[in-house]
Amino acid sequence: MKISINLLPPETIAEERQKSRFYKIQFIGIAVILIMVFLASLTLALQVLQSRNISVARAQLSEEEQKVVNLKSTQASLLLLKNRLTVINQYLGVSSKSSALYRLIDKLVPPSVVVNSINIDKGGDMTLSALVADSVSLDDLLDSLVSKDDKENKISQVSIQSLGRGRDGQYRISFKIGLK
Amino acid sequence: MKKENIIKFYLKYRFYLFPAAVFLSSLFLIIFAIYPQTVKLINNQKVAGDLTNKSKLLEAKVFALESYDKEDLSQKVGVALAVLPADKDFLDVLGLLQEQAVQSGFSITSVALGNTSNKAGSASSYTVKLEMKGSKVLFQGLLDKLENSSRLTKVGSIDIISRQTTQSIDTSLEVDVLYSQLPKDFEKVDSPLPELSKEDEDLIASLIKNSTTISKPEEIQQTPRGKSNPFE
């Protein structure tokens, strides 16, 4: 059996303990500072690397921009062509309201009716005056305008402005047709 | 004496002074080195990403532009500009309208220019008022011709007075002639490149076809006229 006896004075023991505690604190402190220095250098190194990448990307971009500048006449032609085609597409092959209404009325008016005058404004409102030989033809004309299926639902209203019978027995009619 | 005092003071308060020094130096490093550089790194990462994306987009644009045939494209542009020019071009329009009227069997008795700066959707227009005489039967043909002309025109108002005895009519037509200013952002390097769709290709093909049938001159037969040898 071993017996160990510490013969050091208690002040020395306390001092030793304080020393070892301080060494630990020193170790941790130095480690923290080293870590901070490492992080600072790491970010610096990454930044240098990144700047290099950015300058490469910038060089590549300016090269591509130069290529596009060299092809700017093709680009201008393409943009112009697309612009024109978009506008042309809106108008080409689309009949105006007035000509569509004229075609419709030309189809609807029976051959026995003699049209004296037609007036169609830009908005699609039409005034028509006609000479009709007899009441049957007059019926046909009004019937075709009001109830015919092939008017393609374009006529919204037909209002008779004047209706009279001349000495020759013919009817003179004038009416206004509105488009939807 | 002073040095000894400082050492004594340090030894006495070293448990507080050393950690405080470590803390302050770490704080200094964080505030003046690590934080700003990290922020810069993040921002630069974004910049690098943007540059790469832009570069890729331009690369694709260059590839697309190189795939177009320049001559073919300029021919198409020429046709499209003939249909919808940037200028009002009054003289050509008057000539064209007269030609179409004559081809449809109508004779123009008077021409007048109306409102010269209407806005018609995405295009502009001006009005040409035509007074004509012709046959009633041919009037629909005239309307068709005007609306499918080699220059974009729309029929506005129509006035017709017919003469019962001769089947002829006196007509007054307002024709809207369309034109459109050139787009302004031609030269921008990073402006997006439009793609010509199938509909666009079909439309331009029909315009080219229309323009060639209109502009194709009639073949003149080269037949010998007079004596083959005038000295005989």
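Residues numbered from 1 in each chain as written. Chains lettered and ligands numbered in written order. Predicted model: local features only at pLDDT ≥ 70, side-chain atom pairs only at ≥ 80, totals over all residues. Heavy atoms only, no water.

Caption draft 1: Looking closely at the interface of chain B and chain A. Taken together, the 87 residues of chain B in the interface contact 69 residues of chain A. Note on chain B versus chain A: buried area summed over both sides is about 7,000 Å², and carbon and sulfur give 67% of it. Counting every contact that joins chain B to chain A gives four salt bridges. For the salt bridge of Asp 200 of chain B with Lys 82 of chain A, the shortest nitrogen-to-oxygen distance reads 2.5 Å. At the junction of chain B and chain A, the tally comes to 25 residue pairs in polar contact (both at pLDDT 80 or more). Taken together, the elements giving at least two residues each to the side of chain B that touches chain A come down to α1 (2–66), α2 (70–83), β2 (118–120), β3 (123–135), α4 (139–147), β4 (153–162), β5 (168–179) and α5 (198–215) of chain B. The element best represented in the side of chain B that touches chain A is α1 of chain B, accounting for 29 residues. Grouping the amino acids of the side of chain B that touches chain A by side-chain chemistry returns 46 nonpolar, 21 polar and 20 charged. In this sheet, β4 of chain B lies alongside strand β1 (residues 114–120) of chain A in antiparallel orientation, the contact comprising four bridges. When the bridges of β4 of chain B are listed, Ile 120 of chain A appears paired with Ile 158 of chain B. (Contact = heavy atoms within 4.5 Å. Buried area = accessible area lost by both parts, 1.4 Å probe. Salt bridge = Lys/Arg side-chain N within 4 Å of Asp/Glu carboxyl O. Polar contact = N/O pair within 3.5 Å; in protein donor to acceptor, adjacent residues only side chain to side chain. Helix = DSSP H or I, 4+ residues; strand = E, 2+ residues; numbered from the N terminus. Nonpolar A, V, L, I, M, F, W, Y, C, P; charged D, E, K, R; others polar. Pairing = 2+ DSSP bridges.)

Caption draft 2: Representation of the domain arrangement of chain B. Along its sequence, chain B is organised into domain 1 (1–67) and domain 2 (84–181). One C-alpha centre belongs to domain 1 of chain B, the other to domain 2 of chain B, and the line joining them spans 75 Å. (Domains from an automatic or database assignment.)

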